[in-house]
Amino acid sequence: MCCNNSLDEPVIHTDKAAAADLQSISGMKFFDPHIHMTSRTTDDYQAMYDAGIVALIEPSFWLGQPRTGTDTFRDYYNSLIGWERFRSSQFGIKHYCTIGLNSREANNEALAEQVMEILPLFIYKEGVVGIGEIGFDDQTLLEEKYYRLQLQLAKEAALPVQVHTPHRDKKKGTQRSMDIALEHGLDPYTVIIDHNNEETVKDVLDKGFWAAFTIYPFTKMGNERMVDIINQYGTERIMINSAADWGISDPLAVPKTAALMKQRGISDADILLVSYQNAITAFGQSGQIDEADFNAVKNPDQSEKFEGNSILRGGQQPRINASSIIIS
Ligand SMILES: [Zn+2]
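Residues numbered from 1 in each chain as written. Predicted model: local features only at pLDDT ≥ 70, side-chain atom pairs only at ≥ 80, totals over all residues. Heavy atoms only, no water.

Caption draft 1: Representation of the coordination of the zinc ion. At the metal site, the zinc ion is ligated by H34 (NE2), H36 (NE2) and E133 (OE), and these contacts range over 2.1 to 2.2 Å. Donor residues binding the zinc ion come from one chain and are separated in sequence as H-x1-H-x96-E. Residue H34 is located in the loop between β1 (30–32) and α2 (42–50), and its partner E133 is located in strand β4 (residues 128–135); the two are separated by 99 residues in the primary sequence. (Donors = N, O, S within 2.8 Å, 3.2 Å for Na, K, Ca; no water. Helix = DSSP H or I, 4+ residues; strand = E, 2+ residues; numbered from the N terminus.)

Caption draft 2: Focus on helix α3 (residues 70–81). Helix length check: α3 (twelve residues) gives 17 Å between terminal C-alpha atoms against 16 Å at 1.5 Å per residue, within 8%. Those residues of α3 that sit buried are T70, F73, Y76, Y77, L80 and I81. The arc enclosing the buried residues of α3, seen along the axis, measures out at 130°, which places them on a common side. (Expected span 1.5 Å × (residues − 1). Buried < 20%, exposed > 50% of the residue type's maximum accessible area, 1.4 Å probe, protein only. Arc of directions from axis to C-beta.)

Caption draft 3: Seen up close, the environment of Y189. Structurally, the position occupied by Y189 is in the loop between α7 (170–183) and β6 (191–193). Excluding anything up to four places from it in sequence, Y189 contacts G208, W210, R237, T281 and Q285. (Contact = heavy atoms within 4.5 Å.)

Caption draft 4: Here's a closer look at the environment of T165. Mapped onto the secondary structure, T165 falls in the loop between β5 (161–164) and α7. Residues contacting T165, with those up to four places away along its chain left out, are F136, K170, T174, I193, D194 and H195. A distance of 2.9 Å separates polar atoms of two side chains, one belonging to T165 and the other to K170. A distance of 2.6 Å separates the side chain of T165 from the backbone oxygen of D194, its partner in a polar contact. (Polar contact = N/O pair within 3.5 Å; in protein donor to acceptor, adjacent residues only side chain to side chain.)

Caption draft 5: Geometry of the sheet that holds strand β2 (residues 53–59). What the eight strands build is an open sheet, ordered β1-β2-β3-β4-β5-β6-β7-β8; its pairing is parallel. Looking along the sheet, the strands with just one partner apiece sit at the ends: β1 and β8 (238–241). For this sheet the average axis-to-axis angle between neighbouring strands, irrespective of direction, equals 25°. In this sheet, strand β7 (residues 210–214) lies alongside β6 in parallel orientation, the contact comprising two bridges. (Pairing = 2+ DSSP bridges. Axes fitted to C-alpha atoms, helices over the stretch in contact; angles between N-to-C directions.)

Caption draft 6: Representation of the nonpolar core. Formed by 75 residues in total, the largest nonpolar core has its most connected members in Y77, I99, M226 and M261. Excluding its chain neighbours within four sequence positions, the residues that come into contact with M261 are M226, V227, I230, I240, I266, I271 and V274. The next biggest cluster of nonpolar side chains, apart from the first, holds 17 residues, and it includes V54, M239, Y276 and I280. (Core = buried A, V, L, I, M, F, W, Y, C linked by side-chain atoms within 4.5 Å.)

Caption draft 7: Layout of helix α11 (residues 268–283). For α11, with 16 residues, the first-to-last C-alpha span of 22 Å sits near the 22 Å given by 1.5 Å per residue. Where α11 bends most, the angle comes to about 50°, and this point is V274. For α11, every residue scored as buried is listed here: I271, V274, S275, Y276, N278, A279, I280, A282 and F283. (Bend = angle between axes of the 7 residues up to and from the residue.)

Caption draft 8: Seen up close, the packing of aromatic side chains. Taken as a whole, this structure holds 14 aromatic pairs when the rule is applied. Centroid distance F61 to W246: 6.1 Å. Interplanar angle 25°. Geometry classified as stacked. With F61 in the loop between β2 and α3 and W246 in the loop between β8 and α10 (253–263), the pair connects residues that are 185 residues apart, well separated along the chain. Here the aromatic residues F31, Y96, Y276 and F294 are joined through ring pairs into a cluster of three or more. Over the aromatic face of F73 sits the side chain of R67, whose NZ or CZ is 4.1 Å from the ring centroid. (Phe/Tyr/Trp six-rings, centres within 6.5 Å; stacked < 30°, edge-to-face > 60°. Lys NZ or Arg CZ within 6 Å of the ring centre and 35° of its normal.)

Caption draft 9: Main features of the packing of α3 against helix α5 (residues 109–118). Look at α3 against α5: their axes get within 9 Å of each other, and the N-to-C directions meet at 35°. By crossing handedness, the relation of α3 to α5 is classed as right-handed. Where α3 abuts α5, its residues T70, F73, R74 and Y77 lie against L111, Q114, V115 and I118. (Left-handed = near helix turned anticlockwise from the far one by under 90°.)

Caption draft 10: Representation of the side chain of D137 in the model. Locating D137 in the fold gives a position in the loop between β4 and α6 (141–157). Ignoring any residue separated from it by four or fewer positions in sequence, one finds D137 in contact with S103, R104, E143, P166 and R168.

Caption draft 11: Here's a closer look at the pairing of β2. Counted residue by residue, β2 has seven buried out of seven residues, so it is predominantly covered. In this view, the connection linking β1 to its parallel neighbour β2 by way of α2 has right-handed handedness. In the sheet, β2 pairs with strand β3 (residues 94–99) via five bridges, with the strands oriented parallel. Directly across from E58, in β3, lies its bridge partner C97. (Right-handed = clockwise from strand over helix to strand, strands pointing away.)

In structure tokens form, the structure reads like this:
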């Protein structure tokens, strides 16, 4: 006895099939705890809202090329708690962020020193749910220095930590990230270890940390592997994210993975845990997340302005005005 599928029947992924898949999770709500919206378009926001994403976390990160001064860090952090949050709200999605010095730019010591000085000006602001994303990239001594300093900062501020684990030598980097966090006396229940895979998950869960998984299209951690991980390890302290940014990535990775989980027989309750609730429990330890706020941004007035600026371009009608008989 074997399979229903015959091997000579290829599975064709058409747009129609993809739409039908997302249909299966319509009405469910999602939280993407790692996505860099600054690098994404208004179409992405609209598609995310339509797919059921009600809230997200935007970690501060590396912008693809090194910054040359503290002021660009300052402006970037300000945009995460200002303009980008506003832009997200105009598409009906509640926006949170984590603030930190990313691992790559920790290697510029002179600049890193200055950035450390301004971090306390941002981490206590409304909607900041943690220190992140911080950790190792090349696993250099300077990366370790600023990772440690920021763990101390998180401890003093009683904020969760969002840890970026390296893509090269991941197992060792993940291990080291956890050891150092424990050495600094952090409660592993307040630390979210990100970008896990099959090699790291067991250790992360055994040590009491949260295990986040980034669903990368075409490479590394595809969502079929994610379904297998859920089947093997369950849903406790596990969450999924898209980590979509300026590179090839998928801002709908969370709802698409939820749809695949449903198709593969994972219960709605378990899907809700890994694609919504667990992230809220983990980052909610900041005291900054109130689910009632998700509804408050649901029906945006797109003619609203932030410091005199709106998302509408000359002559555009707000989306909310759906009953207008004028089609323009
Ligand atoms: Zn990231």
